[in-house]
Amino acid sequence: MLTQAKREFIEFMMSADVLRFGNFVTKSGRNTPYFVNTGNYRTGKQLATLGKFYARLIHETLGDQFDAMFGPAYKGIPLAAVTASTLAQEYDLDKPYFFNRKEEKDHGEGGNIVGYKPQDGDRVIIIEDVITAGTAIRETMPVLQACADVKVTDMFISVNRCEVGQNPGKTAVMEVGEEFGIKVHALVTVQDIREYLADKEEYAHLLPLMDAYMKQYCVF
């Protein structure tokens, strides 16, 4: 169901040129009529607004039932940072955050983890932009498991594309749940985006493209 909050988030992404329509190729090699690139957030106001959307969803979903936030390099880094800041400012929930480097540092403090150092038993949540085929999460889990004996409970993303993962009939989100025991929460789904477009006459030409793509790659 397309709630007012979801409508506002879709329009926010479009205004920031983060949600775009056209002809794109995803990380998994699929041609898609829409693309979500959180790397296009580039102003302080945009980042502050984004943090409010994420923080609200986390607070509504988990309250304070987690110990730390992890932002996978690279796009997850500003997402985790601004979410941590907003949770502290708006909900008085001061939780640590950390992120990884793509390449391990051999000087200074060394290692590939920056920020909070996870402890055994920590409940960690992941802050990311999207899940398409689940490739990124499979790269992220070994990084987290190498830090400490942590439990990754939940993952928060901007858009659930609802796309089939490595197994027919299952989305990448379903696979992540089964493989790692992680619950994935999205601010909006591809159905929400499609419903939003259907309400706007100027986007009528996109509906057949969205429908064809969803029929080929999505599982609901």
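Before going into details, it helps to say that this report is about the structure given with it. This is a predicted model, so every value here is computed, not measured. (Residues numbered from 1 in each chain as written. Predicted model: local features only at pLDDT ≥ 70, side-chain atom pairs only at ≥ 80, totals over all residues. Heavy atoms only, no water.)

### Details of helix 6 (residues 190-198)
Next up, step 1: The complete set of buried residues in helix 6 reads V190, D192, I193, Y196 and L197. Down the axis, helix 6 shows its buried residues gathered within 160 degrees of arc, on one side only.
Next up, step 2: Residues of helix 6 that are buried make contact with helix 1 (4-15), strand 1 (19-25), strand 2 (31-36), strand 8 (151-160), strand 9 (183-189) and helix 7 (207-217). (Buried < 20%, exposed > 50% of the residue type's maximum accessible area, 1.4 Å probe, protein only. Helix = DSSP H or I, 4+ residues; strand = E, 2+ residues; numbered from the N terminus. Arc of directions from axis to C-beta. Contact = heavy atoms within 4.5 Å.)

### So, helix 1
Next up, step 1: End to end, helix 1 covers 16 Å across 12 residues, agreeing with the expected 16 Å (1.5 Å per residue, within 8%).
Next up, step 2: Contacts from the buried residues of helix 1 go to strand 1, strand 2, helix 2 (44-62), strand 8, strand 9 and helix 6.
Next up, step 3: Looking at the residues trailing helix 1, positive phi occurs at D17, about 60 degrees. (Expected span 1.5 Å × (residues − 1).)

### Comments concerning the pattern of salt bridges
Next up, step 1: Under the definition given, this model contains 11 salt bridges.
Next up, step 2: As a salt-bridge pair, E179 and R138 come within 3.0 Å of each other at their nearest N and O atoms. With E179 in helix 5 (residues 172-180) and R138 in helix 4 (residues 135-147), this pair connects stretches of sequence that are 41 residues apart.
Next up, step 3: Taking the relative accessible area as the measure of exposure, E179 reaches 45% and is therefore partly exposed.
Next up, step 4: In this structure, the salt-bridge partner of R161 is E163, at a minimum N-O distance of 2.6 Å.
Next up, step 5: Residue classification places R161 among the buried residues on the basis of a relative accessible area of 2%.
Next up, step 6: Connected via shared salt-bridge partners are R30, R161 and E163. (Salt bridge = Lys/Arg side-chain N within 4 Å of Asp/Glu carboxyl O.)

### With respect to the pairing of strand 1
Next up, step 1: Bridge count between strand 1 and strand 2: 5 bridges; the pairing is antiparallel. Within strand 2, the position partnered with F24 by the bridge is T32.
Next up, step 2: In this structure, the hairpin formed by strand 1 and strand 2 is closed by a connection of 5 residues, where G29 is found at a positive phi of approximately 90 degrees. (Pairing = 2+ DSSP bridges.)

### Let's talk about the nonpolar core
Burial of nonpolar side chains together is a common tendency in soluble globular proteins.
Next up, step 1: Ranked by size, the top nonpolar core spans 46 residues in total, and within it F9, M13 and I127 carry the most contacts.
Next up, step 2: A per-element tally of this core places helix 2 first, with 7 residues.
Next up, step 3: Each residue touching F9, except ones within four places of it in the same chain, is listed here: Y41, L50, F53, S158, L187 and V188.
Next up, step 4: Core analysis: the next-biggest nonpolar cluster, separate from the first, contains 21 residues, I113, V143, A172 and V184 among them. (Core = buried A, V, L, I, M, F, W, Y, C linked by side-chain atoms within 4.5 Å.)

### Some remarks on the packing of aromatic side chains
Next up, step 1: This model, assessed by the stated rule, comprises 10 aromatic pairs.
Next up, step 2: Measuring from centroid to centroid gives 4.9 Å for Y213 and Y217, while their planes differ by 55 degrees, and the two rings are tilted. One end of the pair is Y213 and the other is Y217, both in helix 7 and 4 residues apart, which spans about a single turn. Note on accessibility: Y213 and Y217 belong to one class, buried.
Next up, step 3: An aromatic cluster of at least three residues, connected via ring pairs, comprises F9, F12, Y41 and F53. (Phe/Tyr/Trp six-rings, centres within 6.5 Å; stacked < 30°, edge-to-face > 60°.)

### Observations regarding the packing of helix 1 against helix 2
Next up, step 1: Where helix 1 meets helix 2, the axes come as close as 12 Å, and the angle between the chain directions of the two elements is 150 degrees. Viewed along their axes, helix 1 and helix 2 adopt a mutual orientation that is roughly antiparallel. Viewed along their axes, helix 1 and helix 2 form a crossing whose handedness is left-handed. Contacts between helix 1 and helix 2 involve A5, E8, F9 and F12 on the former and, on the latter, Q46, T49, L50, F53 and R56.
Next up, step 2: For the contact of helix 1 with helix 2, the residue count by class is 5 nonpolar, 2 polar and 2 charged. (Axes fitted to C-alpha atoms, helices over the stretch in contact; angles between N-to-C directions. Parallel < 35°, antiparallel > 145°, perpendicular 65-115°, else oblique. Left-handed = near helix turned anticlockwise from the far one by under 90°. Nonpolar A, V, L, I, M, F, W, Y, C, P; charged D, E, K, R; others polar.)

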